[in-house]
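Residues per chain are reported as follows:
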Amino acid sequence: MSTEAHRQVHRRAHRDGKERDPTFYPVEKKMGEDSLQTWIVELLRPLIERWYEALGRPRFVGADQFIYYRQFDPSKVVAPDVYVLPGVPPGRRVRSWKVWETGIAPSFALEVVSSDEPYKDYVDAPERYRELGVKELVIFDPDWERGRDRVRWQRYRRLKTRGFVRVETTNVDRIHARVLGCWLRVIGAGEEARLRLATGPEGEELFPTAAEAERAAKEAERAAKEAALERVAALEAQIASAAGARGKGPRAP
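This is a predicted model, so every value here is computed, not measured. One numbering rule holds for all chains: residues counted from 1, following each sequence as written. Totals for whole chains, interfaces and linings use every residue, but because this is a predicted model, local features are given only for residues with pLDDT of at least 70 and side-chain atom pairs only at 80 or more, for both listing and counting. To obtain the side-chain values, all non-hydrogen atoms of the structure were used and water was disregarded.

A. A look at unusual backbone geometry. At Asp 64, a residue that is not glycine, the phi angle is positive and equals roughly 70°. Only protein chains enter the area calculation, which uses a 1.4 Å probe; residues under 20% of their type maximum are buried, those over 50% are exposed, and those in between are partly exposed. Under the relative-accessibility criterion, Asp 64 is labelled partly exposed at 23%.

B. The side chain of Ser 96, seen in detail. With respect to the helices, strands and loops of the structure, Ser 96 is situated in strand E5 (residues 96-98). Contacts are assigned to residue pairs with any non-hydrogen atoms lying within 4.5 Å of each other. Discounting chain neighbours no more than four positions away, the residues touching Ser 96 are Pro 26, Val 27, Phe 66 and Tyr 68. Helix and strand assignments follow DSSP, with helices taken as H or I runs no shorter than four residues and strands as E runs no shorter than two, numbered in order from the N terminus.

C. Spatial organisation of the layout of surface pockets. Cavities and pockets are defined on a 1 Å grid built over the protein atoms alone: a cavity is a set of grid points where a 1.4 Å probe fits but cannot escape, while a pocket is an open set with protein on both sides within 12 Å along at least five of seven lines, and lining residues are those with an atom within 4 Å of any such point. Grid points are joined across faces, edges and corners, and a volume is the space filled by probe spheres set on the points. Here the second largest pocket defines a volume of roughly 320 Å³. In terms of lining residues, the second largest pocket is bounded by 18 residues, among which Pro 142, Asp 143, Ala 189, Gly 190 and Glu 191 are the most central. Residue contributions to the lining of the second largest pocket peak at three residues, all from helix H2 (residues 35-55). Any residue that is not Ala, Val, Leu, Ile, Met, Phe, Trp, Tyr, Cys, Pro, Asp, Glu, Lys or Arg is counted as polar, Gly included; the first ten are nonpolar and the last four charged. Each residue belonging to the lining of the second largest pocket can be placed in one class, and the counts come to eight nonpolar, four polar and six charged.

D. Quick look at the sheet that holds E5. Two strands qualify as a pair provided that DSSP identifies no fewer than 2 bridges between them. Reading across from one edge, E3-E2-E5 is the order of the three strands in this open sheet, with mixed pairing throughout. With one partner strand each, in any of the chains shown, strand E3 (77-78) and E5 form the two edges of the open sheet. Pairing between strand E2 (residues 66-68) and E5: three bridges, direction parallel. Paired with Ile 67 across the bridge in E5 is Trp 97.

E. Layout of the sheet that holds strand E8 (residues 153-159). On the basis of which strands lie adjacent, the open sheet formed by six strands has the order E1-E4-E6-E7-E8-E9 and mixed pairing. In this open sheet, the two strands that pair with only one neighbour each are strand E1 (60-62) and strand E9 (163-170). Each adjacent strand pair in this sheet contributes to an overall mean axis angle of 15°, direction not counted. Note: E1 against strand E4 (residues 82-85), three bridges, orientation antiparallel. Directly across from Val 61, in E4, lies its bridge partner Val 84. Axes here refer to lines fitted to C-alpha atoms; in helices the fit is confined to the stretch in contact. Angles between the N-to-C directions go from 0 to 180 degrees. Packing of H2 onto the sheet brings it into contact with E1, E4, strand E6 (108-112) and strand E7 (136-140), and relative to E4 it is tilted by some 25°. With respect to the sheet, helix H4 (residues 118-132) is in contact with E6, E7, E8 and E9, its orientation differing from that of E8 by roughly 20°.

F. Up close: the pairing of strand E11 (residues 182-187). With five of its six residues buried, E11 lies for the most part within the structure. Both strand E10 (residues 174-177) and E11 contribute to a ladder of four bridges, which runs antiparallel. In the sheet register, His 176 faces E11, and the bridge partner there is Trp 183. Linkage of E10 to E11, two consecutive antiparallel strands, is achieved through a turn of four residues, within which Gly 181 is found at a positive phi near 80°. Where E11 folds back on strand E12 (residues 194-199), the antiparallel hairpin that results is connected by six residues, among which Gly 188 adopts a positive phi of roughly 85°.

The following block contains the structure:
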């Protein structure tokens, strides 16, 4: 059904006293995904969520849901591999997102280039995200070395004077995401490639996963206990030494 036909149905629905939107907006994809995309997303999405929690600014971080940005036209849709909804608390159930219902569009989106349709993410995706109103889009191509016209990273931003434009391309292992306030960094290669968050002036320090943070906390606790036991042992040794010295002192005549 065309956009105009959808509008006519909507107008008739209002004339009949109905207030609901009669448009059908699918909530599930009908196609499969490259397993590499899935592995990248499964690691990165909770990392970004934890990052915002650490900043004291918790927000919803989703993955692979349909985001509709024009009412009555279900063709105006994106399904980011990872996205951030500002002002939306984490833990909210989202089957699909309709921008016109809340006035909230993602502030950040990440697309991992598909191995089946790589140029869709190079040509089609930027225009759709421009229409959506996203502030920053990062496109990561894990197979960038397969073509001369492909790059590992692309970054688009919405600028006051130029609109939504590509501001950076690079083949190095990391790129700074301004909206996130940290770096996106490739760890591993080939099928082992994963995306991590990193901090520091040049992205030299990896932001830990939940499992890494837990291990680090346990290691710090163990080290603290060992240090405390060493201090107690040293103090006991000092007391014993002092007592021994007193016992060996000169006897009274």
